[in-house]
Amino acid sequence: FSIHIFLCFFIENGKIKGNFKGVFMEIRKLLEIGRKKLQEKKNENPMQKARTLLSFVLNQSKEELIMHDLEEVEIQKENVYREYLEKLADGFPIQYIIGNQEFMGLDFYVNENVLIPQPDTEVLVEEVMNLAEQREKVKILDIGTGSGCIAISLAKNIKNSEIYAIDISENALEVAKINAKKQKVEKQITFVHSNLFENLEENNFDFIVSNPPYIRTKLIDTLSNEVKAEPILALDGGEDGLKYYQEIVKESALYLKENGRLCFEIGYDQKKQVEDLINDSKIYKEIYSKKDFAGQDRIIIARKG
């Protein structure tokens, strides 16, 4: 009799390794490989990321992975998983690999042209929602819309809203438009390619909302690899981190209705500086701030009056 042994080869850490074709690795073993790899590189939540990644590669839910953890994975998919695992271990955001991030209970498509929506920004959205509750119709401007997470979440939750979403990046606007269609709010939102107010013809907004770039330029190089993978244009707030707050405060009064609200997300250590900017304008009153889920100062609201 004859025995047929087929070998397939792959490269790992610069060395060629062999594997028997037809002898595939189980889901649970791949997850453990992923966990160890990410843990060694000091990635946060290594098992969670390994499971999210394998779920994406196999197009199975995380629950299915748990239920069928003894199932074997074909070699092509195993190699895709390992390839993505290397990128993750080097600090590339998992959200860009899987093309998805949840925000306000909604799924948003993301890629390297936009910031990854963060839970802290939900504080800003929820406060605008609360302030808009008693108004019959609401007109909102979202400056620096990125993925559209703020504008789209407001459109989904404030049914009587008309929203303008602007961004200097055309690529970011394309992502935001995809998300607006995905969430079926594209008729509520007008997207405008604009550097701040430059190309904006509309005015008389009830709310101006913005999560502008606010990281000091000199700190960009100190950020984690995951954050540095995001678009620098959406991170760099100038020498003192206040560049865009200054410009928005300066021009916003021309676009806000009387008693309209200016609503900012801020860096955890920028409360006093941004409040001082708003106060110095002599345009706004009733300035207050709120904290995020970690107890850090995260948003500032001011009323034009």
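The structure this text deals with has already been given above.
Sequence order sets the numbering: in each chain, residues are counted from 1 along the sequence as written. With pLDDT at 70 or above as the cut-off, local features in this predicted model cover only qualifying residues; side-chain atom pairs require 80 or more to be listed or tallied, and sums for whole chains, interfaces and linings still use all residues. As a convention, hydrogens and water are excluded, and side-chain values are obtained from all of the structure's heavy atoms.

Participant: Got a sec to walk through the pattern of salt bridges? Specific residues and values, please.
Facilitator: Salt bridge criterion: a side-chain nitrogen from Lys or Arg within 4 Å of a carboxyl oxygen from Asp or Glu. Per the counting criterion, the structure on display carries 17 salt bridges. A salt bridge links Lys-41 to Asp-90, with the nearest nitrogen and oxygen atoms 3.6 Å apart. Here the residue Lys-41 occupies a position in the loop between helix 1 (27-40) and helix 2 (46-58), and Asp-90 occupies one in the loop between helix 4 (75-89) and helix 5 (94-98), the gap between them amounting to 49 residues. Whether a residue is buried, partly exposed or exposed follows from its accessible area with a 1.4 Å probe, protein chains only, as a fraction of its type maximum: under 20%, in between, or over 50%, in that order. The exposure class assigned to Lys-41 is partly exposed, which follows from its relative accessible area of 43%. Residue classification places Asp-90 among the partly exposed residues on the basis of a relative accessible area of 49%. We note a salt bridge from Asp-206 to Lys-257, for which the minimum N-O separation is 3.3 Å. Within this pair, whereas Asp-206 is found in strand 10 (residues 205-210), its partner Lys-257 is found in strand 11 (residues 256-265), the two being separated by 51 residues in sequence. By relative accessible area, which is 6% here, Asp-206 ends up buried. By sharing partners, the salt bridges in this structure join Asp-120, Asp-292 and Arg-298 into a single network. Secondary structure elements are defined from DSSP: runs of H or I of at least 4 residues count as helices, runs of E of at least 2 residues count as strands, and each element is numbered from the N terminus.

Participant: Give me the sheet that holds strand 12 (residues 284-291): which residues, what numbers.
Facilitator: Reading across from one edge, 9-8-7-10-11-13-12 is the order of the seven strands in this open sheet, with mixed pairing throughout. Where the open sheet ends on each side, the last strands, each with one partner, are strand 9 (189-193) and strand 12. Across the sheet, the mean angle from the axis of one strand to that of its neighbour is 15°, orientation sign disregarded. For two strands to be treated as a pair, DSSP must find no fewer than two bridges joining them. Pairing between strand 12 and strand 13 (residues 297-304): six bridges, direction antiparallel. Looking at strand 13, one finds that Tyr-284 is bridged to Lys-304. The strands touched by helix 8 (residues 170-182) are strand 8 (161-167) and strand 9; relative to strand 9, the strand with the most contacts, the crossing angle is about 170°. Comment: axis = line fitted to C-alpha atoms, over the contacting stretch for helices; angle = value between 0 and 180 degrees taken between N-to-C directions. Throughout, a contact is declared for two residues whenever any of their heavy atoms are within 4.5 Å.

Participant: Describe the packing of aromatic side chains, and please don't skip the residues or the numbers.
Facilitator: Aromatic pairing here means that ring centres of Phe, Tyr or Trp (its six-membered ring) are within 6.5 Å. Orientation follows from the plane angle: under 30 degrees is stacked, over 60 is edge-to-face, and everything else is tilted. On inspection of all chains with the given rule, the structure shows six aromatic pairs. Between the aromatic rings of Phe-103 and Phe-108, the centroid separation amounts to 6.2 Å while the plane-to-plane angle is 75°, which identifies the pairing as edge-to-face. What makes Phe-103 buried here is its relative accessible area of 0%. Look at Phe-108 and you get buried, because its relative accessible area is 0%. In this scheme, Lys NZ or Arg CZ marks a charge over a ring once it lies within 6 Å of the ring centre and within 35 degrees of the ring normal. Above the face of the Phe-92 ring, Lys-87 is positioned so that its terminal group lies 4.4 Å from the ring centre. Positioned over the ring face of Phe-205 is Lys-139, at 5.1 Å from the centre of the ring.

Participant: How would you sum up the side chain of Ser-147? Please name residues and give values.
Facilitator: Tracing the backbone shows Ser-147 in the loop between strand 7 (138-143) and helix 7 (149-157). Within the local environment of Ser-147, its side chain forms a polar contact with the backbone nitrogen of Cys-149, the two atoms lying 3.4 Å apart. In this view, Ser-147 contacts Phe-108, Tyr-109, Val-110, Val-114, Leu-115, Pro-117, Ile-152, Val-175, Ala-176 and Asn-179; residues no more than four positions away in its chain are not counted. We call two N or O atoms a polar contact when they sit within 3.5 Å, provided that within protein one can donate a hydrogen and the other can accept it, with sequence-adjacent residues counted only if both atoms are side-chain atoms.

Participant: Can you tell me about the environment of Asp-142, naming the residues and giving the values?
Facilitator: Along the chain, Asp-142 falls in strand 7. Counting along the chain gives 12 residues from Asp-142 to Leu-154, while the straight-line C-alpha distance between them is 9.9 Å. For Asp-142, the residues in contact, after removing those within four places along its chain, are Ile-150, Ala-151, Tyr-164, Ala-165, Ile-166 and Val-209.

Participant: Account for the packing of helix 6 (residues 121-132) against helix 7, with residues named and values stated.
Facilitator: Put simply, helix 6 and helix 7 touch, their axes get as near as 10 Å, and they point 35° apart. Here helix 6 runs over helix 7; the crossing is right-handed. Residues Thr-121, Leu-124, Val-125, Val-128 and Met-129 of helix 6 lie in contact with helix 7, whose contacting residues are Ile-150, Ser-153, Leu-154 and Asn-157. Classes in brief: Ala, Val, Leu, Ile, Met, Phe, Trp, Tyr, Cys and Pro nonpolar; Asp, Glu, Lys and Arg charged; the others, Gly included, polar. By residue class, the composition of the contact of helix 6 with helix 7 is six nonpolar, three polar and no charged. The crossing is said to be left-handed when, going from far helix to near helix, the turn is anticlockwise and less than a right angle, and right-handed when the turn is clockwise.

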